[in-house]
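Below, each chain spelled out in residue letters.
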Amino acid sequence: ETGVTQTPRHLVMGMTNKKSLKCEQHLGHNAMYWYKQSAKKPLELMFVYNFKEQTENNSVPSRFSPECPNSSHLFLHLHTLQPEDSALYLCASSQGAGGYGYTFGSGTRLTVV
Amino acid sequence: AQRVTQPEKLLSVFKGAPVELKCNYSYSGSPELFWYVQYSRQRLQLLLRHISRESIKGFTADLNKGETSFHLKKPFAQEEDSAMYYCALSGLGRGSTLGRLYFGRGTQLTVWP
């Protein structure tokens, strides 16, 4: 699959579990992002990585831990989540200052039980 | 502070009718504006950006700096236009992060047959 690929597509986890979401892009973009999309709120920016360096943490709880080993891969490590963390987690990438817009992945539908 | 406002959460029109999805923004610098669309069970994707001055799927949007608006218009709506539409802003002014997009809450458009 070209573009931005996210795995898994669906994830159900208990509150004591540890899991990771993966995002991969083959577009040569240098910036990657994690967004949270829930039913009752607008798209919420969580983290921004530019050239593998985290440039923004938008007051995200520490139970969410991002990792960006290189410009093509982005992870979101999850531990001790709460039911209210259930949402669609979207990864996106962009080239440069984002003037060409983002390319989004299909997202991971996370359910915390 | 940057802000994108989409005043209509839901919008319904009949097939063949004109449609306008409203977007207003506040930003201290020179913004770049985008419209994103999310069809049912598909990923969020870029529809158009103001800098291109393009028409995609019959949709156009004009940036009005005086009114700080970037409304999305189509003269004759089609059933396949039914989707969630997000207005987004990117900028390089004070307080903005490189490449960051600020999204509105979205407008769910339904086109009835």
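As a reminder, the structure under discussion sits directly above these lines.
Scope of this entry: the structure provided in the associated data block. (Residues numbered from 1 in each chain as written. Chains lettered and ligands numbered in written order. Predicted model: local features only at pLDDT ≥ 70, side-chain atom pairs only at ≥ 80, totals over all residues. Heavy atoms only, no water.)

## A short note on the sheet that holds strand β7 (residues 64–70) of chain A
All names here are of chain A. Pairing is antiparallel in the open sheet, where 4 strands are placed in the order β1-β3-β8-β7. The sheet is open, and its two edges are formed by β1 (4–7) and β7, each paired on a single side. Pairwise comparison of adjacent strand axes, ignoring direction, gives a mean angle of 20 degrees for this sheet. When β7 meets strand β8 (residues 73–79), the two strands line up antiparallel, connected through 5 bridges. Each bridged residue has a counterpart across the sheet, and for E67 the counterpart in β8 is F75. (Pairing = 2+ DSSP bridges. Helix = DSSP H or I, 4+ residues; strand = E, 2+ residues; numbered from the N terminus. Axes fitted to C-alpha atoms, helices over the stretch in contact; angles between N-to-C directions.)

## Notes on the pairing of strand β11 (residues 108–112) of chain A
Residue and element names in this part refer to chain A. What you see with β11 is a clean split: T108, L110 and V112 sit on the buried side and R109 and T111 on the side with no burial. For strand β2 (residues 10–13) and β11, the ladder comprises 4 bridges, and the chain directions are parallel. Residue pairing across strands places M13 opposite V112, the latter belonging to β11. Here strand β9 (residues 87–94) pairs with β11 via 3 bridges, running antiparallel. Note on β11: the bridge partner recorded for Y89 is T108. (Buried < 20%, exposed > 50% of the residue type's maximum accessible area, 1.4 Å probe, protein only.)

## A few points about unusual backbone geometry
Keep in mind that most residues, glycine aside, have a negative phi and that most peptide bonds are trans. The step from A:T7 to A:P8 runs through a cis peptide bond, and the omega angle for that step is -10 degrees. Structurally, the position occupied by A:P8 is in the loop between β1 and β2. Phi at B:K57 takes a positive value of approximately 55 degrees, unusual for a residue other than glycine. Structurally, B:K57 is set in the loop between β6 (45–49) and β7 (60–61). On the basis of relative accessible area, B:K57 is assigned to the partly exposed category, the value being 48%.

## Some thoughts on the packing of aromatic side chains
For the coordinates displayed, the defined rule picks out 12 aromatic pairs over all chains. Aromatic side chains A:F104 and B:F103 sit 6.0 Å apart centroid to centroid with 65 degrees between the ring planes, which places their arrangement in the edge-to-face category. Within this pair, whereas A:F104 is found in strand β10 (residues 103–104), its partner B:F103 is found in strand β10 (residues 101–103), the two belonging to separate chains. By way of ring pairs, the aromatic residues A:Y33, A:Y35, A:Y102, A:F104, B:F34, B:Y36, B:Y86 and B:F103 are connected into one cluster. (Phe/Tyr/Trp six-rings, centres within 6.5 Å; stacked < 30°, edge-to-face > 60°.)

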